[in-house]
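Residues per chain are reported as follows:
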Amino acid sequence: MMTAAARPGADVLRDLGALRLGDIAPVDIRPIEVLWESAAAAGERAALAGPVLLRLVRRIPRHDLTAAGAEDRMASLTGRWRIVEMDLWDQEAIDLVEPGFITRWLSRGCRGCAESRRAGVGRGPDGDEEGVPTTDVRAYSLPDLLAWLERARRRGQVHHDDRQQCWQVLGHPEGSRVLADPGTFSSDLGDLMPRQEDMELFQQGNFVRMDPPRHRRLRGLVSQAFTPRTVAGLAPRIAEVTRGLLDASGGDRGERLDLIDDLAYPLPVMVIAELLGLPTSDRPVFRRWADALFDRGNVEPDTPLPRLSAQAVRRSAPTMREMNGYLLDRIRAARARPGDDLTSRLVQAEVDGHRLNDTEIVGFVGLLLLAGHVTTTATLGNTVLCFDEHPDTASQVRADPTLLPAAIEEVLRVRTPFPRLARRATTDAEVGEAVIPAGDLVVTWLTAANRDERVFGDPDRFDIHRPANPHLTFGHGIHFCLGAPLARLEARIALGILLERYREIAVATDVPVEHRDPWLMVGATRLPLDVRTR
């Protein structure tokens with residue numbers, strides 16, 4: 001199959017990529033050792049350690065590695081090679097790996113693979129085995145997240161999670177208490193994040209991560225542009241863009257429509273780009289940034305949050321660097337030739353008698369650009385998915401379009417785009433029946449709060465006729481989502497036009513819907529639809 005001759009690293013990785021788990025017998029892992037020694041002979045073992053381990057690990061069921069990893073981790077530390085941080089799913093965290101370390105994994109993992117294939121079991125998000133087929137890397141779904149949250153709720157609406165190293169807040173009144181008190185629960189998490197120059201530049205104007213009084217001053221610079229009355233003036237443009245995008249999609253000609261590619265992404269990004277004075281022709285670039293920042297692979301539910309933060313900073317840095325550079329160029333152009341847009345207003349605005357500098361405006365504009373479209377994109381997709389799952393409800397909305405706003409609110413409740421918000425306790429604080437010590441990390445689960453049976457009767461039922469729907473999807477308190485009126489208006493107009501234009505809208509059954517990781521964001525990235533015009 002392979003020889004022990006020394007070959008360049010690219011050849012070694014190519015062979016690894018072609019290697020199937022079935023090629024490795026439980027007691028014969030020689031093919032891997034041959035490849036590994038080839039890399040060593042070529043003097044490239046160190047450079048290949050991360051990619052080799054990553055490719056091998058992805059071919060072994062996760063639960064087999066979990067058992068082997070704990071035992072072998074200490075053994076590896078005494079070997080000639082060392083591991084800086086044992087995170088099996090983060091290539092960047094791996095330094096050098098002892099050859100025998102991989103060998104032991106493979107010999108155990110291959111036996112486990114055969115047993116797992118026979119049993120057809122995998123590991124659920126809380127570590128319990130479930131009767132689902134094993135895959136190389138588990139792709140979690142919204143039902144996985146909901147099940148994990150309900151199991152967590154059994155430990156209390158507020159409790160400390162030793163594995164994630166934070167306080168989990170799951171209840172609606174408890175979450176509202178945390179979000180409404182910025183003096184006790186700070187949004188500034190800077191001291192909990194690793195230092196990275198691109199992130200630090202962006203954070204200078206990111207008022208979402210600021211506390212009063214600076215938060216109030218910066219948010220006040222643009223708050224008037226997003227009031228319901230001001231946003232209402234954008235309705236004709238939103239409708240015009242929606243119709244133009246659907247005209248170009250091919251749906252009227254009986255062709256398949258991808259809701260995300262054809263409407264749900266371009267509509268809100270075009271609207272916010274025009275508000276900011278950015279060229280709408282650059283929307284492929286904006287999407288690439290959003291995908292890089294919100295699609296970071298599967299998040300393991302029990303991973304400590306400090307580790308997740310470190311991983312996020314590392315992975316996001318190149319994207320942040322590119323985005324910062326792009327926005328700086330646009331901000332400097334607006335300062336030289338101001339126009340009638342939000343960016344131009346920001347370069348001329350003053351806070352406490354001082355104008356904002358260019359680096360402060362970067363985070364400001366970047367936040368508005370990203371947050372100004374991702375929630376609408378998710379909500380449009382989530383609404384179509386809910387209507388597809390509940391055709392009777394869709395029929396009611398078609399018969400009575402005045403029900404659409406309530407339907408959108410219910411979608412925001414049951415498919416909350418951003419599932420959680422983090423805060424840091426500034427002093428000892430009582431929340432529910434728990435006392436949270438000063439300095440501890442606090443995570444409010446909006447997804448769980450929106451399904452709190454103390455507030456929402458029959459919380460798992462999709463019901464657009466709820467007498468009240470006080471969901472926390474857009475947050476609560478001083479950090480209530482600035483763009484909520486715009487997101488609601490865009491969703492209402494776009495969905496209204498969809499229902500008016502197409503007499504049938506069905507999620508395609510021959511092509512899979514693709515979703516983001518629900519631990520990061522609940523929304524589709526690909527949503528193929530079969531539509532029929534009236």
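Model, not experiment: these values are computed from the prediction.

A.B. asks: What's the story with the overall build of the protein in this structure? I'm lost.
C.D. replies: Regarding its fold elements, the protein presents 21 helices and 16 strands. In the protein, which comprises 534 residues, the proportion classed as buried is 53%. Once local pairs closer than 6 in sequence are excluded, the contacts in the protein between residues at least 24 apart make up 72%. Summed over its atoms, the accessible surface of the protein is roughly 23400 Å², and 51% of this surface lies on carbon and sulfur atoms.

A.B. asks: Help me understand the confidence of the model for the protein in this model?
C.D. replies: Averaged over all residues, the pLDDT of the protein equals 79, while 74% of them reach at least 70. Within the model, the stretch residues 1-10 combines pLDDT values under 50 with 23 contacts to residues more than four positions away or in other chains. Below a pLDDT of 50 lies the segment residues 42-137, which in the model reaches 186 contacts outside its immediate sequence neighbourhood of four places, other chains included.

A.B. asks: Got a minute to help me understand unusual backbone geometry in this structure?
C.D. replies: Trans is the prevailing form of peptide bonds, just as negative phi is the prevailing case for residues other than glycine. Cis peptide bonds are those with omega within 30 degrees of zero, and the linkage from P212 to P213 qualifies with 5°. Within the secondary structure, P213 is located in the loop between α8 (197-203) and α9 (214-220). Residue Q165 is not a glycine yet carries a positive backbone phi of 60°. Here Q165 lies in the loop between β3 (158-161) and β4 (166-169). We note that D458 has phi near 50°; this positive angle belongs to a residue other than glycine.

A.B. asks: Help me understand the packing of aromatic side chains, please; the structure alone is not making it clear to me.
C.D. replies: For any pair of aromatic rings, the description consists of the separation of the ring centres together with the inter-plane angle of the planes. The final tally for this structure, using the stated rule, is nine aromatic pairs. Through a chain of ring-to-ring contacts, the aromatic side chains of Y140, W148, W445 and W519 assemble into a single cluster. Sitting over the face of the ring of Y265, R287 holds its NZ or CZ atom 5.1 Å from the ring centroid. Lying over the aromatic face of F456, R413 brings its terminal NZ or CZ to 5.2 Å of the ring centre.

A.B. asks: What exactly am I supposed to notice about helix α19 (residues 404-414) here?
C.D. replies: For an α-helix, 3.6 residues make a turn, and residues three or four places apart therefore share a direction. α19 sits mainly inside the fold: nine of its 11 residues count as buried. Considered for burial, the residues of α19 that qualify are L404, A407, I408, E409, E410, V411, L412, R413 and V414. In this structure, the buried residues of α19 make contact with α6 (142-153), α17 (358-389), α18 (391-399) and α21 (484-501).

A.B. asks: Is there a simple way to explain the side chain of Q164 in this structure?
C.D. replies: One can find Q164 in the loop between β3 and β4. By relative accessible area, Q164 is classed as buried at 0%. Among the polar contacts made by the side chain of Q164, one reaches the side chain of Q168 at a distance of 3.0 Å. Once residues lying within four places of it in the same chain are set aside, the contact partners of Q164 are W148, P301, D302, T303, P304, L305, P306 and R420.

A.B. asks: Sorry if this is basic, but what is going on with the pairing of strand β9 (residues 420-425) here?
C.D. replies: Every regular strand shows the same layout, with side chains that alternate between the two sheet faces. Here β9 lies mainly inside the structure; five of its six residues are buried. Pairing of β9 with strand β12 (residues 441-445), which is carried by five bridges, proceeds in the antiparallel orientation. Looking at β12, one finds that A422 is bridged to V443.

A.B. asks: Looking at this structure, how should I read the environment of E350?
C.D. replies: The residue E350 is located in strand β7 (residues 350-351) in this model. Taking the C-alpha atoms as reference, E350 lies 8.4 Å from L221; in sequence the two are 129 residues apart. Beyond its immediate sequence surroundings of up to four residues, E350 is in contact with L221 and R355.

A.B. asks: Can you help me understand the nonpolar core in this one?
C.D. replies: For soluble globular proteins, the rule of thumb is that nonpolar side chains tend to be buried together. In this structure, F226, L267, F286 and L527 are the most contacted members of the largest nonpolar core, which totals 93 residues. It is α17 that contributes the most residues to this core, 15 residues altogether. Discounting residues that sit within four places of it in the chain, L527 has contacts with L257, D258, L259, I260, G381, V384, L385, V507 and V513. If you look at the next biggest cluster of nonpolar residues, it comprises 21 residues, including A152, L189, L308 and L441.

A.B. asks: I tried to follow the pattern of salt bridges on my own but got confused; where do I start?
C.D. replies: Two side chains of opposite charge can pair, provided their charged atoms sit close to one another. Enumeration over the complete set of coordinates arrives at 31 salt bridges. Between D463 and R461 there is a salt bridge, with the nearest N and O atoms lying 3.2 Å from each other. According to the relative accessible area criterion, D463 is buried, its value standing at 13%. Looking at R461, the relative accessible area reads 40%, which means it is partly exposed. Within this structure, D258, D261, R287, D291, E514, R516 and R526 form a network of salt bridges that share partners.

A.B. asks: Any chance you could explain the sheet that holds strand β16 (residues 528-533) here in plain terms?
C.D. replies: The strands making up a sheet associate through hydrogen bonds between their backbones, and the pairing can be parallel or antiparallel. Strand order in the open sheet formed by three strands is β6-β16-β13, with antiparallel pairing between adjacent strands. The sheet is open, and its two borders are formed by β6 (257-258) and β13 (502-507), each paired with just one other strand. Strand direction decides the pairing type here: β6 and β16, joined by two bridges, are antiparallel. Bridge pairing in β16 places D258 opposite P528. Relative to β13, α17 is tilted by about 90°, and along the sheet it contacts β13 and β16.

Parameters and conventions
Residues numbered from 1 in each chain as written. Predicted model: local features only at pLDDT ≥ 70, side-chain atom pairs only at ≥ 80, totals over all residues. Heavy atoms only, no water. Helix = DSSP H or I, 4+ residues; strand = E, 2+ residues; numbered from the N terminus. Buried < 20%, exposed > 50% of the residue type's maximum accessible area, 1.4 Å probe, protein only. Contact = heavy atoms within 4.5 Å. Areas by Shrake-Rupley, 256 points an atom, 1.4 Å probe, with all protein chains shown as cover. pLDDT = per-residue confidence, 0-100. Phe/Tyr/Trp six-rings, centres within 6.5 Å; stacked < 30°, edge-to-face > 60°. Lys NZ or Arg CZ within 6 Å of the ring centre and 35° of its normal. Polar contact = N/O pair within 3.5 Å; in protein donor to acceptor, adjacent residues only side chain to side chain. Pairing = 2+ DSSP bridges. Core = buried A, V, L, I, M, F, W, Y, C linked by side-chain atoms within 4.5 Å. Salt bridge = Lys/Arg side-chain N within 4 Å of Asp/Glu carboxyl O. Axes fitted to C-alpha atoms, helices over the stretch in contact; angles between N-to-C directions.

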